[in-house]
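# Descriptive analysis of the structure
Read off the chains here:
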Amino acid sequence: MIAVFDGHNDALLRLSKADDPVAIFRDGGAGHLDLPKARAGGMEGGFFALFSPTPDVPLDFTVFDHPPYDVPVPGALPREVASHPIARQIEIAQALEAAGLLAMIRTRGEVGKDTGGALACVLHLEGADCLGPEGEGLETLFDAGLRSLGPVWSRPNAFAHGVPFRTGSDGDTGPGLTQAGRALVRSCRDLGMVVDCSHITMRGFWDIGEEGLPLVATHSNACAISMSARNLTDAQLRAIGESGGMAGLNFGTMFLNPDGRRAAAGALDHAVRHLAHMVETAGEAHVGLGSDFDGAPMPEGLGSAAELQVLVAGMEAAGFGADLIDRICHRNWRDFLARTLPRD
Ligand code: ZN
């Protein structure tokens with residue numbers, strides 16, 4: 001079994017709706033990711049997102065059944081509204097750590113360390129809506145273990161603009177970082193945090209590169225295979241490689257299928273095509289996985305973390321060598337974290 005370190009999941013958001021999140025994560029249940037499923041699929045850890053949903057505007061996946069589509073982005077979320085779900089999800093991550101089910105990675109030295117069976121966790125903030133306009137609250141989150149931050153989700157905020165879920169277009173859909181966004185990105189860099197470009201506009205992506213950070217898209221695919229505002233152009237993929245960054249393959253079917261459709265059948269084959277293109281363009285040291293477990297509809301045959309080795313078999317069948325499969329499945333993310341996170 002090949003070990004997997006994954007770039008993105010929304011398990012904490014799903015668990016935040018449960019009565020007993022620790023029991024569900026420990027014993028398994030519905031959903032894409034829990035400890036039994038991770039063990040069955042060889043998953044040893046990954047980035048766990050903290051996310052504030054827009055109240056009363058649930059993302060309706062049926063819209064992805066009818067491409068072309070252009071889902072308008074919801075309005076900005078007030079800081080107070082954004083903060084409650086984040087606090088709750090941190091509480092859950094801490095409870096999982098106390099129960100020995102998660103092990104937070106806070107420093108370079110903790111990357112790849114024996115966790116005694118717990119899933120290794122890089123805590124990630126998907127959209128900085130809960131921070132004050134001057135980045136107030138960032139250090140508190142850092143102290144709680146936050147080591148990765150995407151300035152924006154597909155929704156504007158004080159720091160940046162997010163892309164809509166749109167087919168037939170790359171991520172050049174709006175303005176880039178605001179002045180506050182540039183300051184936030186520099187603060188993250190100085191703290192040794194990862195800055196994630198998934199969901200940000202193309203202009204925001206280049207702005208982050210200008211600030212001297214490695215370009216990282218934890219859960220985005222290739223526009224060359226599926227033209228979607230959430231995916232990356234070849235120029236972006238090349239810049240990710242040149243900056244020493246990472247692109248993680250998103251398993252969400254609407255970002256895999258060439259027509260942007262949600263259909264689960266056949267999406268797994270497209271996943272391997274995206275990986276081959278991403279490796280060819282960004283370079284073999286700069287591509288990993290970014291499943292979006294518990295946040296997106298999954299391909300047939302890859303319905304949960306328990307089936308991760310099916311993707312490995314797909315890579316083998318497509319002629320990927322053992323070293324490349326190792327890199328994509330875990331080594332590239334680990335190497336990246338070991339040169340990016342704070343020193344011990
Ligand atoms: Zn996302």
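Residues numbered from 1 in each chain as written. Predicted model: local features only at pLDDT ≥ 70, side-chain atom pairs only at ≥ 80, totals over all residues. Heavy atoms only, no water.

### Describing the overall build of the chain
When helices and strands are tallied, the chain shows 12 helices and 11 strands. Rg of the C-alpha trace for the chain: 18 Å, near the compact-globule value of 20 Å for 344 residues, within the 12% margin. Overall size of the chain, expressed as C-alpha extent along the three principal axes, is 50 × 45 × 40 Å. Taking as baseline every contact in the chain between residues at least 6 positions apart, the subset at least 24 positions apart corresponds to 74%. Accessible surface, the chain as shown: approximately 12400 Å² in total, 52% of it carbon and sulfur. Charged side chains in the chain number 27 positive and 44 negative. The centres of these two groups are separated by 2 Å. (Helix = DSSP H or I, 4+ residues; strand = E, 2+ residues; numbered from the N terminus. Rg over C-alpha atoms; globule rule 2.2 N^0.38 Å. Contact = heavy atoms within 4.5 Å. Areas by Shrake-Rupley, 256 points an atom, 1.4 Å probe, with all protein chains shown as cover. Lys, Arg positive; Asp, Glu negative; His and termini not counted. Charge placed at Lys NZ, Arg CZ, Asp CG, Glu CD.)

### Observations concerning the packing of helix H11 (residues 308-317) against helix H12 (residues 322-340)
Running from amino to carboxyl end, H11 crosses H12 at an angle of 150°, the nearest separation of the two axes being 10 Å. By the angle class used here, H11 and H12 are roughly antiparallel. As for the relative orientation of H11 and H12, their crossing is right-handed in sense. The residues of H12 that touch H11, namely those facing Val 312, Met 315 and Glu 316, are Ile 325, Ile 328 and Cys 329. Taken together, the residues of the contact of H11 with H12 sort by class into five nonpolar, no polar and one charged. (Axes fitted to C-alpha atoms, helices over the stretch in contact; angles between N-to-C directions. Parallel < 35°, antiparallel > 145°, perpendicular 65-115°, else oblique. Left-handed = near helix turned anticlockwise from the far one by under 90°. Nonpolar A, V, L, I, M, F, W, Y, C, P; charged D, E, K, R; others polar.)

### Focus: the packing of aromatic side chains
Applying the stated criterion across every chain, the model contains 11 aromatic pairs. Ring centres 5.0 Å apart and planes at 90° place the aromatic pair Phe 205 and Trp 206 in the edge-to-face group. Under the relative-accessibility criterion, Phe 205 is labelled buried at 1%. Taking relative accessible area as the criterion, Trp 206 reaches 35% and is therefore assigned partly exposed. (Phe/Tyr/Trp six-rings, centres within 6.5 Å; stacked < 30°, edge-to-face > 60°. Buried < 20%, exposed > 50% of the residue type's maximum accessible area, 1.4 Å probe, protein only.)

### With respect to the side chain of Ser 220
Among the secondary structure elements, Ser 220 is positioned in the loop between strand S9 (216-217) and helix H8 (234-242). Among the polar contacts made by the side chain of Ser 220, one reaches the side chain of Ser 198 at a distance of 2.9 Å. In terms of polar contacts, Ser 220 uses its side chain to reach the side chain of Arg 230, at 2.9 Å. Dropping the residues within four chain positions of it, Ser 220 is found in contact with Ser 198, Arg 230, Asn 231, Leu 232, Gly 248, Leu 249, Asn 250 and Met 278. (Polar contact = N/O pair within 3.5 Å; in protein donor to acceptor, adjacent residues only side chain to side chain.)

### Observations concerning the pairing of strand S6 (residues 146-150)
The buried fraction of S6 amounts to five of the five residues, a majority that puts the element mostly inside the structure. Bridge count for S6 against strand S8 (residues 194-195) is two bridges, and the pairing is parallel. Note on S8: the bridge partner recorded for Leu 149 is Val 195. (Pairing = 2+ DSSP bridges.)

### A short note on the nonpolar core
Membership of the largest hydrophobic core comes to 95 residues, with the highest contact counts inside it found for Leu 149 and Leu 311. Looking at which element gives the most residues to this core, the answer is helix H10 (residues 267-282), with eight residues. In terms of nonpolar packing, the next biggest core, distinct from the first, is built from 13 residues, Phe 5, Val 194, Leu 337 and Leu 341 among them. (Core = buried A, V, L, I, M, F, W, Y, C linked by side-chain atoms within 4.5 Å.)

### What about the pattern of salt bridges?
Throughout the structure, instances matching the rule amount to 19 salt bridges. Among the ionic pairs, Asp 65 bridges to Arg 262, the shortest N-O distance being 2.7 Å. Of this pair, Asp 65 sits in the loop between strand S2 (43-50) and strand S3 (70-71) while Arg 262 sits in the loop between helix H9 (253-256) and H10, placing them 197 residues apart in sequence. The exposure class assigned to Asp 65 is partly exposed, which follows from its relative accessible area of 24%. Owing to a relative accessible area of 26%, Arg 262 belongs among the partly exposed residues under this scheme. Residues Arg 261 and Asp 259 are paired through a salt bridge, measuring 3.1 Å at the closest nitrogen-oxygen approach. Judged by relative accessible area, which is 34%, Arg 261 ranks as partly exposed. Connected via shared salt-bridge partners are Arg 182, Arg 186, Asp 207, Glu 210 and Glu 211. (Salt bridge = Lys/Arg side-chain N within 4 Å of Asp/Glu carboxyl O.)

Read these as spatial facts, not as claims about activity.
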